[in-house]
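Per-entry structural report
Residue-level listing of the chains:
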Amino acid sequence: MTTVPVDVDSARRDYAALVDRGLSLDITRGKPSPRQLDLSNELLTLPGEGNYKAEDGTDVRNYGGLKGLTELRRIFAGALQVPAAQLLAAGNSSLELMHDSIVQALLSPMPGAGRRWADEPRIVFLCPVPGYDRHFALAERFGIELVQVPLTGDGPDMDVVERLVAENPAVKGIWCVPKYSNPTGVTYSDETVRRLAAMTTAAPDFRIFWDNAYAVHHLTDTEAEIADVLALCAENGNADRAFVFGSTSKVTFAGAGVGFLGSSEANLAWWIGKISKRTIGPDKVNQLRHALFLKDEDGVRAHMRKHRELIGPKFDAVDRILTEELGDSGLASWTKPSGGYFISLTVPAGTAKEIVRLAKEAGLALTPAGATHPYGDDPEDRIIRIAPTYPELAEVEEAIRGLVVCVRLAAAQTA
Ligand code: PLP
């Protein structure tokens, strides 16, 4: 698309008017809004006085039960595509399960490993970009080298992934958000999942960190389905290749939900062996109230439709305003996700940081440019992540109109 030149004087005037408005808006983080949290307020009354027995008679107030409650694991087994027997329900965060997986792999050899990761001279993780900043920061914290892989409309560029994992035994992992990925909304094709499961890796202990954070977070009637990574890994003789993660952070309460880990039987035995030194068991009271509240898979689906009613209009507003204001300008393109929590805005090369700076000065907080890439470095300085769920609809609209003013000014200044 050809770029329509922006008149620098009018862009400056619009920006000055924006600053004069003294806004204070924040579209940085993918948090549920208070009204979304309200959808689960019944949890605050559950399990209720006198109700402390799980379906198998376990007293949830007491120690024990490292795998978590069967009834809750059963509810999420289908959505996470992990047989309930191979799914653990844990604490309130999947990110901590990813963190602990890496820590345990550093400290103790995983199934199939010659040695623990701490004894490896080098560890490399592949990072499809744009991606999730906390994945990158977590790996970086443990000295893991991060290598970018382009994310296509079908998932990571598999030609690149297959070459890198085959030629370098230091490549031990890949971060994947397979459904409605953060921040582009891309869903992996079946062929991508098959290739990830089947590819030859130089490292015997290569792991896919399959973060299915948005498994049930649809924004349209067409609910994305992805191929079953654990089954495909097993079929291809790589049963221990994938760790599957998920949580109810954006289903119920972001700070008081339940995290899940699914994997092969061997990986789970390894995990439980290590984690039993860290805890005597998860918060089963929280798990019981979640099982009572969500009831079954249909209960989760019905509940997620209520989320969609609240956040769908916010995603529509972002798309509508960007289309009205920038649609014919050639200055920007953006994703129109059918699920998840984010929109990814692509601006002219070399302007993303400046746009975020201009927005900040105008009282509009955006995720730092570069956060979508390892080491905070988007080499083309083009990607801005928009998180529209938390603010009220009117604030989202105001924020996006303000963002457009910043995009225009940055483009005019670099023209
Ligand atoms: N994974 C992805 C891809 C996310 O976008 C987020 C939150 O934004 C998380 C994990 C955090 O998950 P949890 O709250 O279960 O730790």
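Here goes a summary of the coordinates provided. Keep in mind it's a predicted model, so treat the numbers as computed, not measured.

Calculation notes
- Residues numbered from 1 in each chain as written.
- Predicted model: local features only at pLDDT ≥ 70, side-chain atom pairs only at ≥ 80, totals over all residues.
- Heavy atoms only, no water.
- Buried < 20%, exposed > 50% of the residue type's maximum accessible area, 1.4 Å probe, protein only.
- Helix = DSSP H or I, 4+ residues; strand = E, 2+ residues; numbered from the N terminus.
- Contact = heavy atoms within 4.5 Å.
- Salt bridge = Lys/Arg side-chain N within 4 Å of Asp/Glu carboxyl O.
- 1 Å grid on protein atoms, 1.4 Å probe; cavity = no way out; pocket = protein on both sides within 12 Å on 5 of 7 lines; lining within 4 Å.
- Points joined across faces, edges and corners; volume = space filled by probe spheres on them.
- Nonpolar A, V, L, I, M, F, W, Y, C, P; charged D, E, K, R; others polar.
- Pairing = 2+ DSSP bridges.
- Right-handed = clockwise from strand over helix to strand, strands pointing away.
- Near = heavy atom within 4 Å.
- Polar contact = N/O pair within 3.5 Å; in protein donor to acceptor, adjacent residues only side chain to side chain.
- Areas by Shrake-Rupley, 256 points an atom, 1.4 Å probe, with all protein chains shown as cover.
- Sits in = over half its atoms within 2 Å of the grid points.

Okay, helix α3 (residues 70–80) next. Within α3, eight of the eleven residues are buried, which leaves it mostly tucked inside the rest of the structure. Those residues of α3 lying buried are Glu71, Leu72, Arg73, Ile75, Phe76, Ala77, Ala79 and Leu80. Buried-residue contacts for α3 involve β2 (87–89), β8 (242–247), β9 (259–262), α10 (284–294) and α11 (297–326).

Considering all chains together, one arrives at 26 salt bridges under this definition. Here Asp298 makes a salt bridge to Arg301, at a shortest N to O gap of 3.3 Å. Remark: Arg301 and Asp298 occur in helix α11; sequence separation between them is three residues, near one turn of the helix. Overall, the relative accessible area of 52% leaves Asp298 in the exposed class. Across the pair Glu325 and Arg401 runs a salt bridge whose closest N-O atoms are separated by 3.2 Å.

Tallied over the entire structure, the rule returns four cavities of 30 Å³ or more. Mapped by element, the contributors of at least two residues to the lining of the largest cavity are α5 (133–141) and β6 (171–176). Classifying every residue of the lining of the largest cavity by side-chain character gives nine nonpolar, four polar and no charged.

Below, the discussion takes up the pairing of β6. Within β6, six of the six residues are buried, which leaves it mostly tucked inside the rest of the structure. Note that strand β3 (residues 124–129) and β6 share three bridges and pair parallel. Looking at β6, one finds that Leu126 is bridged to Ile174. Pairing between β6 and strand β7 (residues 207–211): four bridges, direction parallel. From the neighbouring strand, Cys176 faces β7, where its bridge partner is Trp210. In this fold, the crossover linking β6 to β7 by way of helix α7 (residues 190–198) has right-handed handedness.

On to the site of the ligand. Every residue near the ligand is listed here: Ser93, Ser94, Leu95, Tyr132, Val177, Asn182, Asp211, Ala213, Tyr214, Ser247, Ser249 and Lys250. Within the side chain of Asp211, one N or O atom sits 2.5 Å away from a nitrogen atom of the ligand. A distance of 2.6 Å is found between an oxygen atom of the ligand and a side-chain nitrogen or oxygen belonging to Ser249. Relative to its free-state accessible area of 410 Å², the ligand is covered by the protein chains to the extent of 89%. According to the grid-proximity analysis, the pocket containing the ligand is the largest pocket. Of the residues in the shell around the ligand, the class split is five nonpolar, five polar and two charged.

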